[in-house]
Amino acid sequence: MGDVTTRKSSGSTTATPAKRQRAASGSASERRDHLVKLAAEIFARKGFQATTVREIATEAGILSGSLYHHFDSKETIVDEVLSTFLDDLIARYRAALDSGSDPRTVLSEMVRIGFGTLEPHRAAITVMQNDWNYLRQFERFNYLVKAEDEVEQMWVAQIKAGQAAGQFRADVDPKLTYRMIRDTIWVAVRWFRPGGRLNPAGLAEHYITVLFDGLATGERTSQRA
């Protein structure tokens, strides 16, 4: 009888074209996300106007031409950075407003939401502060002003609702109050450091205490006649 050779399967499989395409697509998406985050950090550190496409590419370890494979300009990158932040922020604010809670509870949650963005959107918030006036002059960034107006309306309406319900003092200006709250939250990105004594949640609770309970003790002296 002749020798019989038995072949055993090695267990290896060959990726189908569809699988290779999905893998390549996923890899490209991850690479794109990485480039956006890296560029956002550079924008925050140097300023949007001072940052060049070459600098972003160099820090990413690629050629400038390779960066253009993902984005047609640095404006497109910062657009994605800012729109992602604002979409997330506004969605969270809307959810708080839709909760049906009383104005003080809703306002407290909005404060928590604001401080909660300091870590995941630190670069975007910094760019908003540093390059707002420059970016808003371009038509593609008109949504920045619209988003700012929408957010302000949310806060002001909630403050007014609290005044009408007797939860908030009637002698304070709602718009001015909102702007003071807004600036307190966003300016914190300049001094807040992740891993410090307080995390964003701790900062929010401390601010809520000062906002609603005040700093002074004893008889109120700031009530207008």
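Rules behind the numbers
- Residues numbered from 1 in each chain as written.
- Predicted model: local features only at pLDDT ≥ 70, side-chain atom pairs only at ≥ 80, totals over all residues.
- Heavy atoms only, no water.
- Helix = DSSP H or I, 4+ residues; strand = E, 2+ residues; numbered from the N terminus.
- Expected span 1.5 Å × (residues − 1).
- Buried < 20%, exposed > 50% of the residue type's maximum accessible area, 1.4 Å probe, protein only.
- Contact = heavy atoms within 4.5 Å.
- Polar contact = N/O pair within 3.5 Å; in protein donor to acceptor, adjacent residues only side chain to side chain.
- Core = buried A, V, L, I, M, F, W, Y, C linked by side-chain atoms within 4.5 Å.
- Salt bridge = Lys/Arg side-chain N within 4 Å of Asp/Glu carboxyl O.
- 1 Å grid on protein atoms, 1.4 Å probe; cavity = no way out; pocket = protein on both sides within 12 Å on 5 of 7 lines; lining within 4 Å.
- Points joined across faces, edges and corners; volume = space filled by probe spheres on them.
- Nonpolar A, V, L, I, M, F, W, Y, C, P; charged D, E, K, R; others polar.
- UniProt positions renumbered as here; feature names shortened; annotations may be inferred.
- Axes fitted to C-alpha atoms, helices over the stretch in contact; angles between N-to-C directions.
- Left-handed = near helix turned anticlockwise from the far one by under 90°.
- Phe/Tyr/Trp six-rings, centres within 6.5 Å; stacked < 30°, edge-to-face > 60°.
- Lys NZ or Arg CZ within 6 Å of the ring centre and 35° of its normal.
- Bend = angle between axes of the 7 residues up to and from the residue.

Over its 14 residues, helix H5 (residues 103-116) runs 20 Å from end to end, which matches the ideal 20 Å to within 8%, given 1.5 Å per residue. Taken together, the buried positions of H5 are Pro 103, Val 106, Leu 107, Ser 108, Met 110, Val 111, Ile 113, Gly 114 and Phe 115. Where the residues of H5 are buried, they touch helix H4 (74-97), helix H7 (142-164), helix H8 (174-187) and helix H9 (200-213). One side-chain oxygen of the residue at the start of H5 lies 3.2 Å from the amide nitrogen of Arg 104, identifying that residue as Asp 102.

On to the nonpolar core, then. Counting residues in each nonpolar core, the largest one holds 61 residues, and the members touching the most others are Tyr 93, Phe 115 and Trp 155. The set of elements that each furnish at least two residues to this core consists of helix H1 (17-46), helix H2 (53-60), H4, H5, helix H6 (122-135), H7, H8 and H9.

As a further point, take the pattern of salt bridges. Scanning the entire structure with this criterion turns up 15 salt bridges. Note that Arg 92 is salt-bridged to Asp 88, the shortest N-O span being 2.9 Å. Here Arg 92 pairs with Asp 88, and both are found in helix H4, just 4 residues apart, close to one helical turn. Taking the relative accessible area as the measure of exposure, Asp 88 reaches 24% and is therefore partly exposed. The salt bridge partner of Arg 94 is Glu 150, with a shortest N-O separation of 2.5 Å. In this pair, Arg 94 sits in helix H4 while Glu 150 sits in helix H7, placing the two residues 56 residues apart along the sequence. Arg 94 sits in the partly exposed class, given a relative accessible area of 42%. Classification of Glu 150 as partly exposed rests on a relative accessible area of 25%. A single network of salt bridges, built from pairs that share partners, joins Glu 109, Arg 112 and Glu 205.

According to the stated counting rule, one finds 1 cavity of 30 Å³ or more in the structure shown. Reported here for the largest cavity is a volume of approximately 40 Å³. Lining the largest cavity, in full, are Tyr 93, Val 151, Trp 155, Tyr 178, Arg 182, Ile 185 and Trp 186. Counting residues per element, the ones that place at least two in the lining of the largest cavity are H7 and H8. With 4 residues, the single largest contributor to the lining of the largest cavity is H8. A per-class count over the lining of the largest cavity returns 6 nonpolar, no polar and 1 charged.

Moving on to the UniProt feature "DNA-binding region" (unreviewed entry) in the protein chain. Feature annotation in UniProt places "DNA-binding region" (unreviewed entry) on residues 52-71, given in this structure's numbering. With 60% helix and 0% strand, residues 52-71 has end C-alpha atoms that lie 13 Å from one another.

The N-to-C vectors of H4 and H6 enclose an angle of 115°; their axes lie 11 Å apart at closest approach. Handedness of the H4/H6 crossing: left-handed. Contacts between H4 and H6 pair Val 78, Val 81, Leu 82, Phe 85 and Leu 86 from the former with Ala 124, Ile 125, Val 127, Met 128 and Leu 135 from the latter. Its residues assigned to classes, the contact of H4 with H6 comprises 10 nonpolar, no polar and no charged.

Below, the discussion takes up the packing of aromatic side chains. Tallied over the full model, the rule gives 9 aromatic pairs. Site record: aromatic cluster; members linked through ring pairs are Phe 43, Phe 48, Tyr 134 and Phe 138. One residue, Lys 74, lies across the ring of Phe 48, its end atom 4.5 Å from the ring centre. The ring of Phe 141 has Arg 140 sitting right over it, with the charged end atom 5.7 Å from the ring centre.

This next bit is on H6. The largest bend in H6 amounts to roughly 50° and is located at Gln 129. Regarding H6, the residues found buried are Ala 123, Ala 124, Ile 125, Thr 126, Val 127, Met 128, Asp 131, Trp 132 and Leu 135.

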